Every structure is written in structure tokens, then in C-alpha cells.
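Letter by letter, the chains look like this.
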Amino acid sequence: MIKNLINLLFGNKVQILSNNEKNYFFLNDATTPELKLNNINPKHPKYMPFLVKDFDPRSYSLIRDKDYKNLNCYFIICNLLNYYQSILFKIDGGKIKQWFSNNPLFVDPFARNGMNAFYDRKSLIFMYKNSFLKKRIVYTCESVDIVSHELGHAILDSLRPDFWNMQSIEIWSYHEAFADINAFVNVTNNDLIIEKIFEETNLNLSKSNIASRIGEDMASSISADKFCLRDLSADIDYINPSVIDEKSAISLNPHDFGKIFSCCWYAIFVEIFNFEINNKINPIDAFKIAKEECYLCLIKSTKIVPCNKDFFKTLSKIFLLNIKDKYYKITENILEKRKLIKKEIRYL
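Below is a short write-up of the structure. Since the structure is predicted, the reported quantities are computational estimates derived from the model, not experimental observations.

We now examine the overall build of the chain. Broken down by element type, the chain carries eleven helices and ten strands. For 348 residues, the compact-globule estimate of 2.2 N^0.38 gives 20 Å, and the chain sits close to it at 21 Å. Dimensions of the chain, computed from C-alpha atoms along their principal axes, come out at roughly 80 × 45 × 45 Å. In the chain, which comprises 348 residues, the proportion classed as buried is 53%. For the chain, the proportion of contacts with a sequence separation of at least 24, taken over those separated by at least 6, is 64%. Accessible surface for the chain amounts to roughly 16,400 Å². Of this, 53% is attributable to carbon and sulfur atoms. Separation of charge centres in the chain, based on 46 positive and 41 negative side chains, amounts to 3 Å.

Let us look at the state of the cysteines. Applying the stated criterion to the full structure yields zero disulfides. Not part of a disulfide, Cys78 finds its nearest cysteine sulfur in Cys73, a span of 9.8 Å.

Our next topic: the packing of aromatic side chains. Across all of its chains, the model carries 28 aromatic pairs by this definition. Between Phe198 and Phe287 the ring centres are 6.2 Å apart and the planes differ by 70°, which places this aromatic pair in the edge-to-face class. Note that Phe198 is positioned in helix α5 (residues 191–201) and Phe287 in helix α9 (residues 283–304), a separation of 89 residues in sequence. By relative accessible area, which is 1% here, Phe287 ends up buried. Geometrically, the ring pair formed by Phe269 and Phe287 is edge-to-face, given 5.0 Å between the ring centres and 75° between the ring planes. Taken together, the residues Phe269 in helix α8 (residues 259–278) and Phe287 in helix α9 connect sequence positions 18 residues apart. The ring of Tyr139 carries the charged tip of Lys69 above its face, separated from the ring centre by 4.6 Å.

A word on the pattern of salt bridges. Across all of its chains, the model carries 24 salt bridges by this definition. Arg230 serves as the salt-bridge partner of Asp180, at 2.5 Å between the closest nitrogen and oxygen. Residue Asp180 is located in helix α4 (residues 169–187), and its partner Arg230 is located in strand β10 (residues 230–231); the two are separated by 50 residues in the primary sequence. Take Asp180: its relative accessible area is 1%, and that puts it in the buried class. The salt bridge involving Arg213 is made with Glu200; its shortest N-O contact spans 3.6 Å. Taken together, the residues span a long stretch of sequence, with Arg213 in strand β9 (residues 213–214) and Glu200 in helix α5 at a distance of 13 residues. For Glu200, a relative accessible area of 32% puts it in the partly exposed group.

Definitions and limits used
- Residues numbered from 1 in each chain as written.
- Predicted model: local features only at pLDDT ≥ 70, side-chain atom pairs only at ≥ 80, totals over all residues.
- Heavy atoms only, no water.
- Helix = DSSP H or I, 4+ residues; strand = E, 2+ residues; numbered from the N terminus.
- Rg over C-alpha atoms; globule rule 2.2 N^0.38 Å.
- Buried < 20%, exposed > 50% of the residue type's maximum accessible area, 1.4 Å probe, protein only.
- Contact = heavy atoms within 4.5 Å.
- Areas by Shrake-Rupley, 256 points an atom, 1.4 Å probe, with all protein chains shown as cover.
- Lys, Arg positive; Asp, Glu negative; His and termini not counted.
- Charge placed at Lys NZ, Arg CZ, Asp CG, Glu CD.
- Disulfide = S-S within 2.5 Å.
- Phe/Tyr/Trp six-rings, centres within 6.5 Å; stacked < 30°, edge-to-face > 60°.
- Lys NZ or Arg CZ within 6 Å of the ring centre and 35° of its normal.
- Salt bridge = Lys/Arg side-chain N within 4 Å of Asp/Glu carboxyl O.

In C-alpha cells form, the structure reads like this:
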């Protein structure tokens, strides 16, 4: 801390982080404080510029708790954008280089009091609130899930801006599904998280785990009975939105209805992981192979899927056509099981 103060006094960049328990960077959120880093080295993405309020990555001090949270938020965004851009490069050389607004995305980690976060086509807004249940202030900007989810909305808006105002429950819900998938993709960018998943599930990734659960800190600060906002490990079949009522397994709330696709995507990821494990691939490598294949296929499919009434089923068919041949059968089986496609009958 003294060295930080001296550096700040002489205008030097402060990069040495305190070992004080308040000053670390969550790999998930505050519900898993053991999963943290004391030192981080963010790599700013080459394209899709963004600005975090009151934070300059070229010269910053780490004196206040707020400084750490700003850097934490910046770090989360850098990680997801770098991964997303690496996938885009494999698809078409990374042609999408701007946000919907064609301006740098503005990020406000401390926008105002409240238990919410959102994307408004120009900025990412993160709130904070004193939680009676937690007996502390919950900051949405320090949750990898929440930041990545909102960034996922911005990524999809740059990829398919026509989705934003489309009058379709399935397309609205896909925005939420895509955002949740991005939360999973980003939280698993660190091997410590992957190892924690293996520890929790004994390599049975169909079980609920630290990465499949979205927004644990936010959910448990709202209700003592909630462990997460959504769980990608849920087994949910497609239901036509026109027949959904109060007795249905899901509602027409886009966050809820979106689970039809996000949970199916996760199930495909799990089966590709299992396929690679059965081929004697190292578990961590198998995890990364499965994630990259599923995310790459998702981005490819999203770029070309037409907007229509049966959006989820159309997207599923395109997803299946884009998956690698060796994963085709297992992907087809899951999509059929979840009632998102019907297998073609081939006659001799």
C-alpha cells in the first residue's frame, strides 16, 4: 500500500496489488471467494473498443476498493472479447470490428443503486445494492456471469442488430440464451474454474456446477431459497410459446423461455466433452475443445439464421449443419430429444 501511494504521488502507473482480503479479483463471484486472483494482466482486445467509467487501462491506481472493482470489470470484458474475436477470426477473419452504435461501448460499473444490470445499445450498466440477506453490498460489476451476460447482449447486437426490435418471443428469448451462453464461455476461461467443475461433478458435467449456474451472488442476495438465476444443466424440452400457460414447465419471460436453447446448447457441449474423453483426451483439453466447437458453431449459425416464427427450430437445424461431422450424430440426438428437430427419414 505504501509503494502504491508513492507511485501515485509521483504519477507512476500502479500495478502492484495489495494482499489485503478486499483487494482481489473474482474468477466467478463473491459466493466463491476462494476462486480469486491477486494479480491480473488484462490484454485489451484489438477490435470492438470499450471505455470503463473512471478507469484508464494505460495508467491506473489501485488504492480504493472501487479501483479494484473497475479493473475487475475491465478484466472480465477483455477476456470475453478476446475469446469471441479469436472465434470470429476462425470463421471469417474477424470482420465484425464495431459495436452496433459504431462508437466505443461505454461501461458504468457503479451506475446507481439497485439489483440489476442491462445493455441499452450504447452502454453496459451495472448496479449495486445493500443486501439484507448477505449483510453487505452486492456489486453486479464484480460477477463474471453478470458482466459477461450483459456483454453477450452487446456482442449479439453487433452480430445481428436486426434481432433487437423483432416482435418475436423466440428471438427475444434467444438474446437471453445467447447472453447466458457467453457467461458460461467466459467464466470457464480459467483452468481453476474448470478444475472446480471437475471436482464438483466428478467429470459428469450434466450435473449442476459452478459454471452452469448463472448469477449466484445476485440470486442469493434476493432470496434465501435461490442459488442462481438460471442453470444451464436443466433438462428442458421445446414448447410452442402459443400453448404455454401457468402449468407449463417454463414461462414466456424471455429469461425463462431462453433456457430452451441455452440448456440444449450446454447439453451438446457436455456430450462433445464426453466424446473426447472417450477418445482418451485429457479432461481440460476435452473441455476446451467442446467449448470452442459449440461456441464457434453458435456464432456461425447466429450469423446466418433467418428471422422467422419457428426461430429456435430453424436455428437448431442450422447449428446441426455447422457442427463437425464427428459430432453430428450426438448433436442430432440431443436436438431431437429436446424436441427442437425431427430426424430425417432416409429411404434406401
